[in-house]
Amino acid sequence: MTRIAVAGAGTIGQAHMAAVQAEPGCALSAIVDPSPAAAGTAARAGVPLYPSIEALLAQDRPDGLVLATPNALHVPQALQCVDAGLPVLLEKPVATTVAEARTLLARVRQTGVRVLVGHHRAHSPIMAKARQVVASGQLGRLVAVMGSATFYKPDSYFADGPWRRAPGGGPILLNMVHEVHNLRMLCGEIVAVQAMASQAVRGFAVEDTVSMGLRFANGVLGSFLLSDTAACARSWEQTSQENPAYPSYADEDCYVLTGSNGSLSVPTMRLKTYPRPEARSWWKPFEVGQVGLVREDPIQRQMAHFAAVVRGEAEPLVDVHDGLQNLAVTEAIVQAAASGRTVDIPEPTPKETA
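The written sequence of each chain sets the order in which its residues are numbered from 1. Residue-level local features of this predicted model are given only where pLDDT is at least 70; pairs of side-chain atoms are given and counted only at 80 or more, and the full residue set underlies all totals for whole chains, interfaces and linings. Side-chain numbers here rest on the full set of heavy atoms in the structure, without hydrogens or water.

(A) Up close: the overall build of the chain. For the chain, the count of helices and strands is 11 helices and 15 strands. The globule rule is 2.2 Å times the number of residues to the power 0.38, and the radius of gyration it is compared with is taken over C-alpha atoms. Since a compact globule built from 354 residues should have a radius of gyration of about 20 Å, the 21 Å found for the chain is in line with a globular shape. By its C-alpha atoms, the chain is 70 × 45 × 40 Å across when sized along the principal axes. Summary of the burial criterion: residues with accessible area below 20% of their type's maximum are buried, those above 50% are exposed, and those between are partly exposed, where the area comes from a 1.4 Å probe applied to protein chains only. Here the chain holds 354 residues, and 53% of them are scored as buried. Here, residues are in contact when the closest pair of their heavy atoms is within 4.5 Å. Long-range contacts, defined here as pairs at least 24 residues apart, represent 65% of the contacts in the chain between residues at least 6 apart. Of the roughly 15500 Å² of accessible surface on the chain, 54% is carried by carbon and sulfur atoms. Helix and strand labels come from DSSP, where a helix needs a run of H or I of at least four residues and a strand needs a run of E of at least two; each type is numbered from the N terminus. Only the protein chains shown count as cover for residues, with accessible areas throughout obtained via the Shrake-Rupley method and a probe of 1.4 Å.

(B) A look at the nonpolar core. Take the buried residues of types Ala, Val, Leu, Ile, Met, Phe, Trp, Tyr and Cys, join any two whose side-chain atoms come within 4.5 Å, and each joined set is a nonpolar core. Ranked by internal contacts, the top residues of the largest apolar core, which has 97 residues, are Leu104, Val193, Leu257 and Leu264. Setting aside chain neighbours within four positions, we find leucine 257 in contact with Val134, Leu139, Leu142, Ala144, Val145, Leu186, Cys187, Gly262, Ser263, Leu264 and Val266.

(C) Spatial organisation of the sheet that holds strand β6 (residues 115–118). Taken in spatial order, the 6 strands of this open sheet run β3-β2-β1-β4-β5-β6, and their pairing is parallel. For this open sheet the edge positions go to β3 (49–50) and β6, each flanked by a neighbour on one side alone. What makes two strands pair is DSSP finding at least two bridges between them. Summarising the sheet, strand β4 (residues 64–67) and strand β5 (residues 88–91) pair through 3 bridges and their orientation is parallel. Bridge pairing links leucine 67 to leucine 90 in β5.

(D) Geometry of the packing of aromatic side chains. Two aromatic rings, drawn from Phe, Tyr or Trp (for Trp, its six-membered ring), form a pair once their centres lie within 6.5 Å of each other, and the interplanar angle then sorts them: stacked below 30 degrees, edge-to-face above 60, tilted otherwise. Using the criterion set out here, one finds 6 aromatic pairs in the structure. Judged by centre distance (6.5 Å) and plane angle (50 degrees), the ring pair of phenylalanine 224 and tyrosine 255 falls under tilted. Here phenylalanine 224 is found in strand β10 (residues 221–227), whereas its partner tyrosine 255 is found in strand β11 (residues 255–259), with 31 residues between them in sequence. Plain terms: the ring middles of tryptophan 236 and tyrosine 255 are 6.0 Å apart, the flat faces sit at 35 degrees to each other, and that makes the pair tilted. With a gap of 19 residues between them, tryptophan 236 in helix α9 (residues 236–239) and tyrosine 255 in strand β11 connect regions that are remote in the sequence. For tryptophan 236, a relative accessible area of 3% puts it in the buried group. The buried category is assigned to tyrosine 255, whose relative accessible area is 1%. By way of ring pairs, the aromatic residues Tyr157, Phe158 and Phe204 are connected into one cluster.

(E) Up close: the environment of valine 143. Residue placement: valine 143 occurs in strand β7 (residues 142–150). Judged by relative accessible area, which is 45%, valine 143 ranks as partly exposed. Residues valine 143 and asparagine 71 lie 72 residues apart in sequence; the distance between their C-alpha atoms is 35 Å. Residues contacting valine 143, with those up to four places away along its chain left out, are Gly219, Val220, Leu221, Thr258, Gly259 and Ser260.

(F) Spatial organisation of the sheet that holds β11. In spatial order, the strands read β14-β13-β12-β11-β7-β10-β9-β8-β15; together these 9 strands make up an open sheet with mixed pairing. The open sheet has two free edges, formed respectively by β14 (287–290) and β15 (343–344), since each of these has just one partner strand. Two strands pair when backbone bridges link them, and β11 and strand β12 (residues 262–266) are joined in this way by 4 bridges, in the antiparallel orientation. Within the sheet, the bridge partner assigned to valine 256 lies in β12 and is serine 265. Here the axes come from fitting lines to C-alpha atoms, over the contacting stretch only for helices, and the angles between their N-to-C directions go from 0 to 180 degrees. Together, β8 (190–198), β9 (209–216) and β15 form the strand contacts of helix α11 (residues 320–339), whose direction differs from that of β8 by roughly 50 degrees.

(G) The arrangement of helix α5 (residues 98–111) in detail. For α5, built from 14 residues, the straight-helix expectation of 20 Å at 1.5 Å per residue is met to within 8% by its first-to-last C-alpha distance of 20 Å. Here α5 has its buried residues at Val98, Ala101, Leu104, Leu105 and Val108. On an axial view of α5, the arc spanned by its buried residues comes to 120 degrees, and they lie on one face. Turned more than 90 degrees away from the buried face of α5 sit Ala99, Arg102 and Gln110, all of them exposed. The elements touched by buried residues of α5 are α4 (74–83), β5, β6 and α11. A positive backbone phi angle near 80 degrees is found at glycine 112, which sits one or two residues after α5. Under the convention used throughout, the expected extent of a helix is 1.5 Å for every residue step, that is, one less than its residue count. Note that the arc is defined by the directions from the helix axis to the C-beta atoms.

(H) Molecular detail of the environment of glutamine 241. Tracing the backbone through its elements, the reader meets glutamine 241 in the loop between α9 and β11. For glutamine 241, the contacting residues outside a window of four places in its chain are Ser248, Ala250 and Arg295.

In structure tokens form, the structure reads like this:
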């Protein structure tokens, strides 16, 4: 039995707890959280509660640990686990700054301890199918991507987590970092960004709405709209049907991939392509179809993968190197919005250095 503990008993931590308990061959061994409310969560789960990772490691060392704690704690706690030789599932973002992420990456390389970064959409069957369509050539040469993550976060979201109003807690780092990873999986590495940001609706120290332009290494261009004050369903959460906590709208998409021969809308998987090269014209009709897929919970699939990583049966699908590159793009978006200039992002080093 693979024993996995969870640090952080908030919303995402509880999702990980449920995934551990539902995963065959795994057992939730403990919860780590110093807050008084965590006592009830641990009691309901039937596992011991520890106030710190130090206490956990001293009394009940698990086989692996999920770190679902506030962003500022990610790197210090991950370093603590890496130094103890403990495999970690580290919630995104991998760090609050690229410099912090580089520190963690260096330690991981030095020790060889496995760290899986929690970009759970990498485990989504929707993403796997979309990548398959792009790789198949049905769209022709990829030309552009249009994306959005527009939703309305209620006031209670910020009251429950005041840190979300401060730098490091805005939607660029909390939400856009997910989108960046999806876009990188679909279109390749992002090498330059432009952005405009607004704080006009909430007036917090962090952005609430951002408009972005993206350039990919292969020449693909992208546009993206992000807002946590927009009452709109064009977000992954409200279209993918992967998390039942969110209402879902089957008529909405959050990405449109466009190529020289057709387009794919995600996650409805509506496909429009020309039947043959000589038929490509805006005066000619598309062949219209829908790509079939089977939906599964990516959080559960991620936990199954993490268990395999803990047992030494697999390498992390999303490693610290990937997490760092996602963070580099989000930092560039922040810089571009602040400066009004295009910000270039160096192409990442090869994966063998991860």
